[in-house]
Amino acid sequence: KNALKGRDLLSLHDFTPGEINYILDYAAELKQKQKEKVDHQLLKGKTLAMIFQKSSTRTRVSFEVGMYQLGGHALYLNAGDLQLGRGESIADTGRVLSRYVDGIMIRTFAQSDVAELAEYAGVPVINGLTDLLHPCQILADLLTIREHKGKLAGLKLAYLGDGNNVCHSLLFGCAKTGMNISVAAPEGYLPDEEIVTAARADAVETKSEIVITTDPKEAVAGADVVVTDVWASMGQESEQQVRANIFAPYQVNARITAGAAPDFIFLHCLPAHRGEEVSGEIIDGAHSVVFDEAENRLHAQKAVLGLLMAD
Ligand code: CP
Ligand code: NVA
């Protein structure tokens, strides 16, 4: 029996290592089926509501195309156009949408809003990014790393930059799969302590090592995978200039990656800012797998949709 059916995907922390590996295996299987044009219409007649309170290219398109490829249908709902934008509660929105659709994906600011939606919705709720977490992105990242490195456990991943949503979900993703992770961020922008504590608890079982430092050179030393993300996330546009100065020593460029493993791969969830968090030579160079990573959003999320929503 599929233990994921009917569940929500709010955080990777809520899943066992076995469940995460199962999602990745299933994603690889669905990816192969799609490439070979083998039928995999697992969600015929099913509908996914997608609520967006922030911009999106990859999340929107990959969920919408994914639902279509699975034989279902997706609805793009701009939060500002919903009654939610005029004060209807999250609870009522969740209860109402559940009478029409088979699943809800939401991209918003507060993680607590996603949790509240999940509490009141009678259908699976999927976190399509909050200020705190970005679990779907990290499933795609893990799939990409596995494809390029042939394994996850025992690899070293270095994350440089802001201790943000992507960094938090990477902490969980690495802790759950036995990857060692070193995060380097400036003082004041380190990852959330509660998240780090929860990830360290996850890491006990898998023996994943978690290092949090302010030293980018230390983090990158010997890394098999180097990751960064935008310095000013959605909602932080006014801090852009201040952050650009503070984060400058954390740019992923040829100088810093000279300390990584010779065959390191570079990941970035995109959108990227060349000359800020990453140099053009790295993101457009031989080590970069960012477009495989973007493609894998589709395959990883199809696995999630299938496991959570299929009969
Ligand atoms: N990586 C990612 O989530 O991209 P979008 O913001 O375009 O969805
Ligand atoms: N940290 C970024 C990720 C974008 C996909 C943001 O929240 O804007």
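The shown structure was predicted, so the numbers you read here are calculated from the model rather than taken from an experiment.

1. Thoughts on the sheet that holds strand E3 (residues 103–107)
If you walk across this open sheet you meet the 4 strands as E2-E1-E3-E4, and the pairing is parallel. Single-partner strands in this sheet number two, and they are strand E2 (73–78) and strand E4 (125–127). Averaged over all adjacent pairs, the angle separating strand axes in this sheet is 20°, with direction ignored. Summarising the sheet, strand E1 (residues 47–52) and E3 pair through 5 bridges and their orientation is parallel. Each bridged residue has a counterpart across the sheet, and for Ala49 the counterpart in E3 is Ile104.

2. Here we look at the sheet that holds strand E5 (residues 156–160)
One open sheet accounts for 5 strands, arranged E7-E6-E5-E8-E9; its pairing is parallel. The strands lining the two open edges of the sheet, one partner per strand, are strand E7 (210–213) and strand E9 (265–268). Mean inter-strand twist for the sheet, computed between neighbouring axes without regard to direction, equals 20°. The pairing of strand E6 (residues 180–184) with E7 spans 4 bridges and is parallel.

3. Points about the UniProt feature "binding site: L-ornithine" (unreviewed entry) in the protein
UniProt feature "binding site: L-ornithine" (unreviewed entry): in the numbering of this structure it lies at Asn165, Asp229, Ser233 and Met234. Spatially, the listed residues are clustered: although they cover 70 residues, their C-alpha atoms lie within 11.6 Å of one another. Take Asp229: there are 26 C-beta atoms within 10 Å of it, and that puts it in the buried class. When near neighbours in sequence (up to four residues on either side) are disregarded, Asp229 contacts Gly161, Asp162, Asn164, Val166, Cys167, His268, Cys269 and Glu277.

4. Re the UniProt feature "domain: Aspartate/ornithine carbamoyltransferase Asp/Orn-binding" (unreviewed entry) in the protein
Taking the UniProt record as the reference, the feature "domain: Aspartate/ornithine carbamoyltransferase Asp/Orn-binding" (unreviewed entry) is found at residues 154–306. With 42% helix and 14% strand, residues 154–306 has end C-alpha atoms that lie 29 Å from one another.

5. Quick notes on the nonpolar core
Counting residues in each nonpolar core, the largest one holds 92 residues, and the members touching the most others are Ile104, Leu157, Ala158, Leu170, Val225, Val226 and Val304. Shared between two domains, this core takes at least three residues from each, and those domains are domain 1 (12–133 + 297–309) and domain 2 (137–293). Apart from residues no more than four positions distant in its own chain, Val226 is found in contact with Ala158, Val220, Val252, Thr257, Ala260, Phe264 and Phe266.

6. Some points on the domain arrangement of the protein
On domain assignment, one finds that the protein holds domain 1 (12–133 + 297–309) and domain 2 (137–293). Contact residues are listed per partner, giving 23 residues for domain 1 and 20 residues for domain 2. Among the elements of the structure, helix H1 (17–35) and helix H12 (290–309) are those that each provide at least two residues to the side of domain 1 that touches domain 2. Among the elements that line the side of domain 1 that touches domain 2, the one with the most residues is H1, at 7 residues. Considered class by class, the residues forming the side of domain 1 that touches domain 2 number 14 nonpolar, 5 polar and 4 charged.

What counts, and at which threshold
Residues numbered from 1 in each chain as written. Chains lettered and ligands numbered in written order. Predicted model: local features only at pLDDT ≥ 70, side-chain atom pairs only at ≥ 80, totals over all residues. Pairing = 2+ DSSP bridges. Helix = DSSP H or I, 4+ residues; strand = E, 2+ residues; numbered from the N terminus. Axes fitted to C-alpha atoms, helices over the stretch in contact; angles between N-to-C directions. UniProt positions renumbered as here; feature names shortened; annotations may be inferred. Buried ≥ 20, exposed ≤ 12 C-beta atoms within 10 Å, placed from the backbone. Contact = placed C-beta atoms within 7 Å. Core = buried A, V, L, I, M, F, W, Y, C linked by C-beta atoms within 7 Å. Domains from an automatic or database assignment. Nonpolar A, V, L, I, M, F, W, Y, C, P; charged D, E, K, R; others polar.

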